[in-house]
Amino acid sequence: MKIGFIGLGRMGSGMAANLLKAGHEVIVYNRTREKMAPLVAKGAKPAASTAEACAGEAVFTMLANDDAVAEVAFGEGGIVASLKPGGIHISTSTISVALAERLAEAHGKAGQHLVSAPVFGRPEAAEAAQLSIVAAGAAPAVGTAKPLLEAIGQKLFAVSETPKDANLIKLSGNFLIATVIESLGEAMALIGKAGIDRAQYLEILTSTLFGAPVYKTYGALISAGKFEPPGFAAPLGHKDIRLVLAAAEDLRVPLPIASLLRDRFITLLANGGDNLDWSALATLAERDAGMRQG
Ligand code: NAP
């Protein structure tokens, strides 16, 4: 299939490479042009603009946040203005429920389709085509997008005909991951301050009741204190907590733990956490326990 891919950051570069590997004709575009070179070397066609990346049947976006997606979708020469009627925008970034709704409406008016397809999995999973994808949109559009999504992931869940549902599921999932990071950080601070070996503690957890990938992945990062380079940067984690709180407020669902996490992220960012992985949230518990400065 002839497709476009906009946003070649930590996640997008691996995803676009896997679409090429699966035999699709991929036109790539990234705001910082140099990031297109490795994909072009693998056979992608470089686009000079967002509009050029919309020349195919579908276009992926994997951009940082709502502002970036809105700019690329609604700006002059943006996706809504450039994608042909019947074309599909496959939106894989973690964006707000409100923006997904706005996108669905604009694409609908332009005779195009939105498939919301946010992903679970870090850059290593994106590179290995091991993402888990939650997709929502009109059934025929999701059907067309299916082989593309299967080329970048190991699991695909088609959940609904309403795109924003997938975004809410993704945000609620990231809320849960952040709760695990915070609680693991607190437990690790307790164990560490008592002088007990944290690596062995983690092994006890993950080989018994806590064998889930989220405990293994984040437990290993926290236990090793390895927060750089970021796989998922702290400002993005903060964004997702803000977005889940906004969605919850709209639905009048209180999320007291998300409110606490929001403040934890602000504390991390106020103390130099911008370029750290979001699992550095765990360092706050150590700081509160007098185990580290700053
Ligand atoms: P990233 O490495 O920071 O990449 C962000 C991308 O967005 C880059 O291509 C960047 O372009 C582009 N961008 C940012 N602002 C822009 C703007 N105003 N206009 C045009 N392009 C803009 O982020 P990432 O880790 O790949 O994450 C991308 C999305 O995936 C986020 O929504 C994130 O929440 C979600 N996600 C991430 C992970 C993870 O583990 N990293 C996992 C699941 C989902 P430049 O290169 O020019 O800066």
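A brief structural summary.

Calculation notes
- All chains use their own residue numbering, which begins from 1 and follows the written sequence.
- Thresholds applied to this predicted model are a pLDDT of at least 70 for local features of residues and 80 or more for the giving and counting of side-chain atom pairs; totals over whole chains, interfaces and linings are not thresholded and use all residues.
- Note: side-chain values were computed over all heavy atoms of the structure, leaving out hydrogens and water.
- Counted as salt bridges are all cases of a side-chain nitrogen of Lys or Arg within 4 Å of a carboxyl oxygen of Asp or Glu.
- Secondary structure is summarised from DSSP: a helix means a run of H or I of at least four residues, a strand means a run of E of at least two, and numbering begins at the N terminus for each.
- Any residue under 20% of the maximum accessible area for its type is buried, any over 50% is exposed, and the rest in between are partly exposed; the area is computed with a 1.4 Å probe on protein chains only.
- We call a residue near a molecule or strand whenever a single non-hydrogen atom of that residue lies within 4 Å of it.
- Whenever two N or O atoms come within 3.5 Å, that pair is a polar contact, provided that in protein one can donate a hydrogen and the other can accept it, and provided that, for residues adjacent in sequence, both atoms are side-chain atoms.
- Note that accessible areas follow from Shrake-Rupley with a 1.4 Å probe, and for residues the cover is restricted to the protein chains shown.
- Each residue is assigned to one class: nonpolar for Ala, Val, Leu, Ile, Met, Phe, Trp, Tyr, Cys and Pro, charged for Asp, Glu, Lys and Arg, and polar for all the others, Gly among them.
- Where each domain starts and ends follows an automatic or database-derived domain assignment.
- Any two residues whose heavy atoms approach within 4.5 Å at even a single point are treated as in contact.
- Residues belong to one nonpolar core when they are buried, are Ala, Val, Leu, Ile, Met, Phe, Trp, Tyr or Cys, and are joined through side-chain atoms within 4.5 Å.
- In short, DSSP must find at least two bridges between two strands for them to pair.

1. Some thoughts on the pattern of salt bridges
In step 1: One pass over the full model with this rule turns up 11 salt bridges.
In step 2: A salt bridge links Glu-101 to Lys-164, with the shortest nitrogen-to-oxygen separation between them at 3.2 Å. Taken together, the residues Glu-101 in helix α5 (residues 97–109) and Lys-164 in helix α8 (residues 163–193) connect sequence positions 63 residues apart.
In step 3: Using a relative accessible area of 42% as the deciding quantity, one classes Glu-101 as partly exposed.
In step 4: Between Glu-105 and Lys-109 there is a salt bridge, with its nearest N and O atoms 3.5 Å apart. Note that Glu-105 and Lys-109 are positioned in helix α5 at a spacing of four residues, about one turn of the helix.

2. Considering the site of the ligand
In step 1: Among the 25 residues in the neighbourhood of the ligand, the closest are listed as Asn-30, Thr-32, Lys-35, Gly-231 and Lys-239.
In step 2: Between an oxygen atom of the ligand and a main-chain N or O atom of Gly-9, the distance comes to 3.4 Å.
In step 3: In the environment of the ligand, an oxygen atom lies 2.8 Å from a nitrogen or oxygen atom belonging to the backbone of Arg-10.
In step 4: Within the complex, the protein chains bury 88% of what would otherwise be the 910 Å² of accessible surface of the ligand.
In step 5: Listing elements by their share of the shell around the ligand, those giving two or more residues are α3 (66–74) and α11 (234–250).
In step 6: Grouping the constituent residues of the shell around the ligand by class yields 10 nonpolar, eight polar and seven charged.
In step 7: Taken domain by domain, the makeup of the shell around the ligand includes at least three residues from each of domain 1 (2–161) and domain 2 (168–288).

3. Description of the side chain of Ser-160
In step 1: Looking at the element boundaries, Ser-160 is found in strand β9 (residues 153–160).
In step 2: Of the polar contacts made by the side chain of Ser-160, one reaches the backbone nitrogen of Thr-162; its length is 2.8 Å.
In step 3: Every residue in contact with Ser-160, bar those within four places of it in the chain, is listed here: Ala-135, Ala-136, Gly-137 and Asp-165.

4. A few points about unusual backbone geometry
In step 1: In this model, Glu-228 is joined to Pro-229 through a cis peptide bond whose omega is -10°.
In step 2: For Pro-229, the location among the structural elements is in the loop between α10 (213–224) and α11.
In step 3: Residues other than glycine seldom take positive phi values, yet Arg-252 does so here, at roughly 55°.
In step 4: Within the secondary structure, Arg-252 sits in the loop between α11 and α12 (256–270).

5. Comments concerning the nonpolar core
In step 1: Counting 53 residues, the largest nonpolar core has Phe-5, Leu-19, Val-28, Phe-60, Ile-90 and Leu-149 as its most contacted members.
In step 2: In terms of residue count, the dominant contributor to this core is helix α7 (residues 139–152) (seven residues).
In step 3: Excluding its chain neighbours within four sequence positions, the residues that come into contact with Ile-90 are Ala-58, Val-59, Phe-60, Thr-61, Val-115, Ala-117, Ala-145, Leu-148 and Leu-149.
In step 4: Counting 37 residues, the second largest nonpolar core, distinct from the first, contains Ile-191, Ala-247, Phe-265 and Leu-281.

6. A few points about the pairing of strand β8 (residues 131–136)
Moving residue by residue along a regular strand, the side chains alternate between the two faces of the sheet.
In step 1: Along β8, six of the six residues are buried, which leaves the element largely enclosed by surrounding structure.
In step 2: Alternating positions in β8 separate into two faces, Leu-131, Ile-133 and Ala-135 on one and Ser-132, Val-134 and Ala-136 on the other, with burial throughout.
In step 3: In this structure, strand β7 (residues 119–120) lies alongside β8, joined through two bridges in antiparallel fashion. Paired with Val-119 across the strands is Ile-133, a residue of β8.
In step 4: Here β8 pairs with β9 via six bridges, running parallel. Within the sheet, the bridge partner assigned to Ala-135 lies in β9 and is Ala-158.

Remember that the coordinates give geometry; whether it matters functionally is a separate question.
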